[in-house]
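Observations on chain architecture
Take a look at the letters that make up each chain.
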Amino acid sequence: MIDVQNLVKDYGSTRAVDGISFSVQPGEVVGLLGPNGAGKSTTLKILAGVLPSGSGAVRLGGADMADDSLAARRRLGYLSESNPLYESLGVWECLELVAGLQGLSGPGLKKRLASAAERCGLLPVVSKDVGELSKGFRQRLGLALAILHDPDILILDEPTSSLDPNQRQEVRDLIAALKQKKTVLVSTHILPEAQAMCDRLLIIHRGRIVAQGTVAELGGQMSEENAFYVRLSGGSSAEMEELLKSVPSVTSVVFEGEAEAGCPGFTVKSAGDPRRDLFDLAAQKHWPLMELHRVSATLDDIFRRLTGGPS
Amino acid sequence: MNRRAAFLVALKELRESLNSPMPYVFFGVFFLIEGWFFTAPLFLNGQAVMDDFFAGLPMILAFFLPAFTMRLFAEEYKTGTIESLSVLPLRDGEIVLGKYLSALAAWGLMLAASLLYVFLLVLLGSPDFGCIAAAYLGAILLGAFYASAGLFASSLTRSQVVGFLTGFLFCFFFFLIGKAAQFTPGWPGALMTFLGVDSHLSSFWRGVVDSRDVLYFLSGTVLFLAGTLASFNSRRWRSS
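Residues numbered from 1 in each chain as written. Chains lettered and ligands numbered in written order. Predicted model: local features only at pLDDT ≥ 70, side-chain atom pairs only at ≥ 80, totals over all residues. Heavy atoms only, no water.

1. Overview of the overall build of chain A
Which entries qualify depends on this criterion: In this description a helix means any DSSP run of H or I spanning at least four residues, a strand means any run of E spanning at least two, and both kinds are numbered starting from the N terminus. As a reference, a globule follows 2.2 Å times the number of residues to the power 0.38, and the radius of gyration itself is taken over C-alpha atoms. Three exposure classes are used, based on accessible area relative to the maximum for each residue type with a 1.4 Å probe and protein chains only: buried under 20%, partly exposed in between, and exposed over 50%. Here, residues are in contact when the closest pair of their heavy atoms is within 4.5 Å. Accessible areas in this description were obtained via Shrake-Rupley with a 1.4 Å probe; residue shielding takes into account the shown protein chains only. In summary, the charge assignment counts Lys and Arg as positive and Asp and Glu as negative, without counting His or the chain termini. For this purpose, a charge sits on NZ of Lys, CZ of Arg, CG of Asp or CD of Glu.
When its secondary structure is counted, chain A shows 11 helices and 14 strands. Against the 2.2 N^0.38 benchmark of 19 Å for 311 residues, chain A shows a C-alpha radius of gyration of 25 Å, more extended than a compact globule. Classification of the 311 residues of chain A by burial places 52% in the buried group. A sequence separation of at least 24 residues applies to 68% of the contacts in chain A between residues at least 6 apart. Roughly 13700 Å² of accessible area belongs to chain A as shown, and the carbon and sulfur atoms make up 48% of that amount. Mean positive and mean negative side-chain charge positions of chain A (33 and 38 charges, respectively) differ by 5 Å.

2. Re the sheet that holds strand 9 (residues 200–205) of chain A
All names here are of chain A. How we decide: At least two bridges found by DSSP between two strands are what make those strands a pair. Lines are fitted to the C-alpha atoms to define the axes, a helix being fitted only along its stretch in contact, and any angle between axes, read from their N-to-C directions, falls within 0 to 180 degrees.
Across the sheet, six strands lie side by side as 6-7-8-3-9-10; this open sheet has mixed pairing. Where the open sheet ends on each side, the last strands, each with one partner, are strand 6 (76–79) and strand 10 (208–213). Across the sheet, the mean angle from the axis of one strand to that of its neighbour is 15°, orientation sign disregarded. In the sheet, strand 6 pairs with strand 7 (residues 153–157) via four bridges, with the strands oriented parallel. Its bridge partner being in strand 7, Leu-79 is matched across the sheet by Leu-156.

3. Considerations on the domain arrangement of chain A
The following threshold applies: Domains are outlined according to an automatic or database domain assignment.
We note that the domain assignment places domain 1 (2–221) and domain 2 (224–295) within chain A. Placing a centre on the C-alpha atoms of domain 1 of chain A and another on those of domain 2 of chain A gives a separation of 46 Å.

4. A look at unusual backbone geometry
Where the residue is not glycine, phi is negative for most of them; where a peptide bond is considered, it is trans in most cases. The phi torsion at Asn83(A) lies on the positive side, around 45°, for a residue other than glycine. Relative to the elements of secondary structure, Asn83(A) occurs in the loop between strand 6 and helix 3 (91–101).

5. Describing the interface of chain A and chain B
Formally: Here the quantity called buried area is the accessible surface, traced with a 1.4 Å probe, that two parts lose on coming together, added over both. The salt bridge criterion pairs a side-chain nitrogen of Lys or Arg with a carboxyl oxygen of Asp or Glu, the two atoms within 4 Å. For this analysis, a polar contact is any N or O atom pair within 3.5 Å, provided that within protein one partner can donate a hydrogen and the other can accept it, and provided that sequence-adjacent residues contribute only side-chain to side-chain pairs. Polar here means any residue other than Ala, Val, Leu, Ile, Met, Phe, Trp, Tyr, Cys and Pro, which are nonpolar, and Asp, Glu, Lys and Arg, which are charged; Gly is therefore polar.
In this assembly, 29 residues from chain A lie in contact with 24 residues from chain B. Surface buried jointly by chain A and chain B totals about 2400 Å² across both partners, of which 59% is contributed by carbon and sulfur atoms. Of all residues in chain A, the largest losses of buried area upon contact with chain B belong to Arg73(A), Tyr86(A) and Leu101(A), amounting jointly to 29% of the total for that side. Here chain A and chain B share two salt bridges between them. Linking Glu83(B) and Lys45(A) is a salt bridge whose minimum nitrogen-to-oxygen distance equals 3.7 Å. Seen at the junction of chain A and chain B, the total is 10 residue pairs in polar contact (both at pLDDT 80 or more). Only strand 1 (2–11), helix 1 (40–48), helix 2 (69–74) and helix 3 of chain A provide two or more residues apiece to the side of chain A that touches chain B. In terms of residue count, the dominant contributor to the side of chain A that touches chain B is helix 3 of chain A (six residues). Here the residues of the side of chain A that touches chain B are counted per class, giving 15 nonpolar, seven polar and seven charged.

6. Structural notes on the packing of helix 2 (residues 22–45) of chain B against helix 4 (residues 57–79) of chain B
All names here are of chain B. Our working rule: Put simply, angles under 35 degrees are roughly parallel, angles over 145 are roughly antiparallel, angles from 65 to 115 are roughly perpendicular, and the rest are oblique.
One can describe the packing of helix 2 onto helix 4 by two numbers: an axis separation of 11 Å at closest approach and a directional angle of 175°. Classified by the interaxial angle, the pair formed by helix 2 and helix 4 is roughly antiparallel. Within the contact between the two elements, helix 2 uses Met-22, Phe-26, Val-29, Phe-30, Ile-33, Glu-34 and Phe-37 and helix 4 uses Leu-57, Ile-60, Leu-61, Phe-63, Phe-64, Ala-67 and Met-70. Of the residues belonging to the contact of helix 2 with helix 4, the class tally is 13 nonpolar, no polar and one charged.

7. Some remarks on the packing of aromatic side chains
Residue and element names in this part refer to chain B. Rules: We call Phe, Tyr and Trp rings a pair once their centres come within 6.5 Å, taking the six-membered ring for Trp, and we label the pair stacked below 30 degrees between planes, edge-to-face above 60, and tilted otherwise.
Following the criterion strictly, the structure yields 32 aromatic pairs over all chains and no others. Where Phe-30 meets Phe-31, the ring centres are 5.1 Å apart and the plane angle is 90°; that geometry is what we call edge-to-face. You'll find Phe-30 and Phe-31 in the same group, each marked buried. For the pair Phe-168 and Phe-172, a centre-to-centre distance of 5.3 Å together with 15° between the ring planes defines the contact as stacked. One end of the pair, Phe-168, and the other, Phe-172, are both in helix 8 (residues 160–180), four residues apart, so they sit about a helical turn from each other. Under the relative-accessibility criterion, Phe-172 is labelled partly exposed at 23%.

8. Looking at the pattern of salt bridges
Residues and elements named next belong to chain A. Applying the stated rule across the entire model yields 28 salt bridges over all chains. Linking Arg-172 and Glu-193 is a salt bridge whose minimum nitrogen-to-oxygen distance equals 3.3 Å. Of this pair, Arg-172 sits in helix 6 (residues 165–178) while Glu-193 sits in helix 7 (residues 191–197), and the two are 21 residues apart along the sequence. One exposure class covers both Arg-172 and Glu-193, and it is buried.

Below, the structure is given as C-alpha cells:
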C-alpha cells in the first residue's frame, strides 16, 4: 500500500505541497486530480523518491522512502509525466537495461520482456530505436518499463497523455487488469478518464487535498445546495413555475424544458429539503409527479468548484 | 555496492556512446595526432620508441577525455533521464561508478588500439618492453585521473559544452601547473611541481614505476570521484 503522512514541499518561498496525507490500499486505483500547478507531479515525484520532501513521511509497501529508499523503490513502478527515455538505445535494449537494473535475470527474462512488450502493444516497434518512436509508442514504452519487474505499487503521472482514444482505452484496460494485484496511483486532468479508471479520487489544489472520495461521494458532498429535478404533468409550465416558487423553502426555479410532451421539468434549489412540500403541492393541484430526484454535481462541476474555475 | 548494477550502467553508457558518431570522430582524430607523434621519431630519427606518443598524452587527453565524459551526467540532467535512473533501486555510488567505468573502458579501448604501434615497433626494431609497459601503466593512471575530473565536471551542469570546458580546464590545470612550476622559484614552485601531472609521469615514461606517483594519480582519482558522488547526491536538494 501507499501511505503518505503530512507531506510538505517548498520550492524557495512557494509551498508546492502543503500537508498532504492519504493512503491507497492494494487492489485500489486512486486518481490524483488537480489543475496544472496544483502540486500533483511534485507529490508523485516525492512518492517515487525523485524529489525529497520538506517534511512528512512516505511509505511504499511498508518501506519508508527516507529511511529505506532502496526497498521502497524495489516495490515501485513509476511513469513520469515527461517520460524521459534513452533516445539512442533500441526499444529492446531499453527493456533489457531496466530489467537488469531492476535485478531481473535468468532464463525466463526474455519471455518476461516479450510479455511486457506485448502487454503494452510494443511488438511492432521492438526492433526500432527509441528516438524513432511516435509519442504514443514512447508512452507505451514508459508503461512497459514501469511494469516489467511486476511491482506491487504503480505510480503513473498522466499515463494516457499523447495517446489517441483507442490507445487510451487500452491503457485503461491495462490498468484495470493490473489493479487486481497492485496498488495504483494515477494522476490525470482528463476528468472522464479519472471517472472511468479510478475507484477513488483525490482532488488537489494549491498543494492541498480539497476533497476525496468516489465520484458519487464527491457529488453528494458538492450537492449541499439541495438542487432537485422535478417533472410534473397536467399543467402549464408557467403556472407550475409560479407555484413551485411559492413553496416556502425554494430559492430558485429553472425551467429545463419538456422531456416528454406535457411534462415540463424544473431544477429547484432550496434552503432545506423541499421534497415533502413539492409532493404536497403536486397532490393538491392533482399534477401527477413524473420524476423527483436530487441533482448530483458532475465531476466537472466538482472539479471546477473546488479548484476555483468558472462554474 | 552492487557491482552488476554498476557494470550495467557502464554498459548502457558505452552503448549510448557507440550509437552516436562522436566517439568515432574522436577516435579518428586522436590517432591522427598520436600517429604523427609515433611515426615522426620512427621515420625521421630511425628510433623504435614510443616516447613522443606518451609525452603528448597529458595535453591531448586533457581534450579527449572530457569530450567523452561531458555527456555522462549533463545529458541525463538535461533530458530528464536522471529521473528514470533515480526511481530504479540503484545507489548513487553505483551510478557514479558505472559512468566512470564506461569512461575508463573507452580510454582502455583507445589504449588497446595503440598496441598496434607496439606491434609495429617489434617488427621494425627491438623496443624496451619494460619501459613501454611502465609507460602504459602511467597512461592508464593518467586517463583514470582525467576521466574522474571530466566526470566531476559533467556532474556539475546540465550543459554538455559547459561540462566539456570545465573538464578540460580541470585537466589542463594539472597539465599546465607542472609546466609553470619551472618558472616559479621556492616552495610555490615545489608545490606546483607536485600538483602537476608532468613530474609524476616522467618516471613512468622512463620505465620506472614509483609508488608515490601511483598514489598521486589514485588519490586524485578518488578525490574527483568523491566530488562527483557529492555533486550527484546534491541534485535532490539542488532541485528543491
